[in-house]
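One letter stands for each residue in the lines below.
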Amino acid sequence: MPRSLTALPPAPVETPGQVEIDIAEVEDFVRQHHAEHPELGPVEARLAEVHAEIAATGTYRHTAEELTFGARVAWRNSSRCIGRLYWRSLKVRDLREVSAPADVAAECVEHLRVATNKGKIRPVISIFGPAEPGMPAPRIENEQIIRYAAYRGPDGGVLGDARNLELTELAIRRGWQPPASRGPFDVLPLLVSCEGHDPALVEIPADAVLEVPLAHPELPWLAAVGVKWHAVPAISNMRLRIGGIDYPCAPFNGWYMGTEIGARNLADHDRYDLLPFIAKRMGLDMSSEATLWRDRALVELNRAVLHSFGEAGVTITDHHTESQRFLTHLEKEEAAGRSCPADWSWIVPPVSGGLTPVYHRYYDTRELLPNFFPAAAPGKCPVAH
């Protein structure tokens, strides 16, 4: 079995001036690309080119076709993503010549516009310059292109998304001025850095951030609360690894599954923690956990998310539908003779997991390449919701 189809540790993060290339990994990727695209012809000529380029420069440059194939296969191999059925549809933006932080930030804004697509969300990845000998790559410090600020009050409470307290404080230290009237959904600026360049702190234009106000089909008071969420989950703190080459700055997005918003972002105790508020407004008996008030509030919050995105014409999926789609993807991969790695703890939805078909089975847990990894350390992809 080719090494590109077996469990491999990702290469260490680069230091400026020193990038190690795993020749076997390079060869495996080039062979895999040609094997899945036989119209490219014999692989030997391309392997000879790559070997000569590495011998001369210490690295090699992917062709546009290799970059697109590698990015799509990295999504296909992402064991923590349930929404891989459409991996072939990923739009790849080749931005390898862009490295200045301000320019990277500007392209991230354009990424949002392309992906938003008037609410018909497109899967998009924007790939900036790779880590090369003597050429540091840009990095985005935000977990996602769109992140909501968090402000700690004098009583220790938090206004906003508590996950982003450190990022908010960093942005303020670098000169960001929060709105005069701070709120729970203030969009943070993008923070981009690259050695040899001045760091950039760039406000994201409001017209590039599509947001959906939440309402409920049977709880009219929810609309007046002012809860909302953004439409494009563009993850920006992952390292894309293709054929031995690391791309530390490669923001990408699909579209939301409702539970990511309703059962995690808005419900987690260390995020917005809305369940006690919703349960109280619903008049639920909160005297004991045995009344299942959390569960009842959670279901209604998730109903509100799906209802609101649907009414706004913004792409979203529910966890039952997406579970079925994932099994369809798995069947297609197996029919193609490929392994389909999956992390059960991430694939199973956080709401009604036992009611979904992805719950009642085991999965291949091997880590395949190409893939996405944390930008600063090896390991599996910890997708931030």
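Residues numbered from 1 in each chain as written. Predicted model: local features only at pLDDT ≥ 70, side-chain atom pairs only at ≥ 80, totals over all residues. Heavy atoms only, no water.

Draft legend 1. The sheet that holds strand E11 (residues 238–242), seen in detail. Spatially, three strands are ordered E12-E11-E16 in an open sheet, and the strand pairing comes out antiparallel. Single-partner strands in this sheet number two, and they are strand E12 (245–247) and strand E16 (371–374). Between one strand and the next, the sheet's axes are offset by a mean angle of 35°, whatever the strand orientation. Docked against the sheet, helix H3 (residues 64–76) engages E11, E12 and E16, running at close to 120° with respect to E11. (Pairing = 2+ DSSP bridges. Helix = DSSP H or I, 4+ residues; strand = E, 2+ residues; numbered from the N terminus. Axes fitted to C-alpha atoms, helices over the stretch in contact; angles between N-to-C directions. Contact = heavy atoms within 4.5 Å.)

Draft legend 2. Seen up close, the environment of Val-358. Tracing the sequence through the fold places Val-358 in the loop between helix H10 (344–347) and E16. Take Val-358: its relative accessible area is 0%, and that puts it in the buried class. On a C-alpha basis, the gap between Val-358 and Val-314 in space is 25 Å, while along the polypeptide they are 44 residues apart. (Buried < 20%, exposed > 50% of the residue type's maximum accessible area, 1.4 Å probe, protein only.)

Draft legend 3. Just the UniProt feature "binding site: heme" (unreviewed entry) in the protein, in detail. The UniProt record annotates "binding site: heme" (unreviewed entry) at Cys-81. Mapping Cys-81 onto the fold places it in the loop between H3 and strand E1 (91–95). Excluding residues within four positions of it along the chain, Cys-81 makes contact with Trp-75, Phe-326 and Ile-347. (UniProt positions renumbered as here; feature names shortened; annotations may be inferred.)

Draft legend 4. Structural view of the nonpolar core. Within the largest apolar cluster, 53 residues are counted, with the highest numbers of intra-cluster contacts made by Val-104, Trp-229 and Leu-266. Looking at this core, the elements that each hand over two or more residues are helix H4 (101–116), strand E2 (124–128), strand E6 (190–193), helix H6 (258–265), helix H7 (275–282) and helix H8 (293–312). Setting aside its immediate chain neighbours within four residues, Leu-266 contacts Leu-214, Val-227, Trp-229, Ile-261, Tyr-272, Asp-273, Leu-274 and Leu-301. Grouped together as the second largest cluster of nonpolar side chains are 29 residues, Ile-21, Val-50, Trp-75 and Ile-125 included. (Core = buried A, V, L, I, M, F, W, Y, C linked by side-chain atoms within 4.5 Å.)

Draft legend 5. Expanded view of the packing of aromatic side chains. For the structure shown, the criterion picks out 11 aromatic pairs. Judged by centre distance (5.6 Å) and plane angle (50°), the ring pair of Tyr-86 and Trp-255 falls under tilted. You can see Tyr-86 sitting in the loop between H3 and E1 and its partner Trp-255 sitting in the loop between strand E13 (252–253) and strand E14 (256–257), a full 169 residues away along the chain. Judged by centre distance (4.2 Å) and plane angle (25°), the ring pair of Phe-252 and Phe-372 falls under stacked. With a gap of 120 residues between them, Phe-252 in strand E13 and Phe-372 in strand E16 connect regions that are remote in the sequence. A cation sits over an aromatic face here: Arg-76 above Trp-87, 4.7 Å from the ring centre. (Phe/Tyr/Trp six-rings, centres within 6.5 Å; stacked < 30°, edge-to-face > 60°. Lys NZ or Arg CZ within 6 Å of the ring centre and 35° of its normal.)

Draft legend 6. The arrangement of helix H5 (residues 165–173) in detail. All buried positions along H5 are accounted for by Leu-165, Leu-167, Thr-168, Leu-170 and Ala-171. Buried residues in H5 make contact with strand E4 (150–152), strand E5 (158–160), E6 and strand E7 (200–202). At the C-terminal side of H5, Gly-175 shows a positive phi close to 115°.

Draft legend 7. The arrangement of the pattern of salt bridges in detail. The full count for this structure, using the stated rule, is 25 salt bridges. Across the pair Arg-338 and Glu-36 runs a salt bridge, and its minimum N-O distance is 3.6 Å. A residue pair is termed long-range when its members are at least 10 positions apart, and Arg-338 in the loop between helix H9 (319–335) and H10 and Glu-36 in helix H1 (residues 23–36) qualify at 302 residues. The exposure class assigned to Arg-338 is buried, which follows from its relative accessible area of 17%. In this structure, Arg-303 and Glu-218 form a salt bridge, with 3.1 Å as the shortest nitrogen-oxygen distance. (Salt bridge = Lys/Arg side-chain N within 4 Å of Asp/Glu carboxyl O.)

Draft legend 8. View of the sheet that holds E1. The mixed open sheet is built from four strands, whose spatial order is E1-E2-E13-E10. Edge positions in the open sheet fall to E1 and strand E10 (234–235), since each of these has one partner strand only. The strands touched by H3 are E1 and E2; relative to E1, the strand with the most contacts, the crossing angle is about 130°. Across the sheet, H4 touches E1, E2, E10 and E13, and the angle it forms with E2 is around 165°.

Draft legend 9. Structural view of the packing of H1 against helix H2 (residues 44–57). In contact at an axis separation of 10 Å, H1 and H2 are set at 150° when each is read in the N-to-C sense. Viewed along their axes, H1 and H2 adopt a mutual orientation that is roughly antiparallel. Between H1 and H2 lies a crossing whose hand is right-handed. Residues Ile-23, Val-26, Glu-27, Val-30, Arg-31 and His-34 of H1 form the contact with H2, whose participating residues are Arg-46, Leu-47, Val-50, His-51 and Ile-54. Split by residue class, the contact of H1 with H2 holds six nonpolar, two polar and three charged. (Parallel < 35°, antiparallel > 145°, perpendicular 65-115°, else oblique. Left-handed = near helix turned anticlockwise from the far one by under 90°. Nonpolar A, V, L, I, M, F, W, Y, C, P; charged D, E, K, R; others polar.)

Draft legend 10. Expanded view of unusual backbone geometry. Following Leu-369, the chain continues into Pro-370 via a peptide bond in cis, with omega recorded as -5°. If you check the backbone angles, Asn-117 has positive phi at about 50° while not being a glycine. Looking at the element boundaries, Asn-117 is found in the loop between H4 and E2. A positive phi angle, close to 60°, is found at Leu-292, a residue other than glycine. On the secondary structure map, Leu-292 appears in the loop between H7 and H8. Judged by its relative accessible area of 46%, Leu-292 falls in the partly exposed class.

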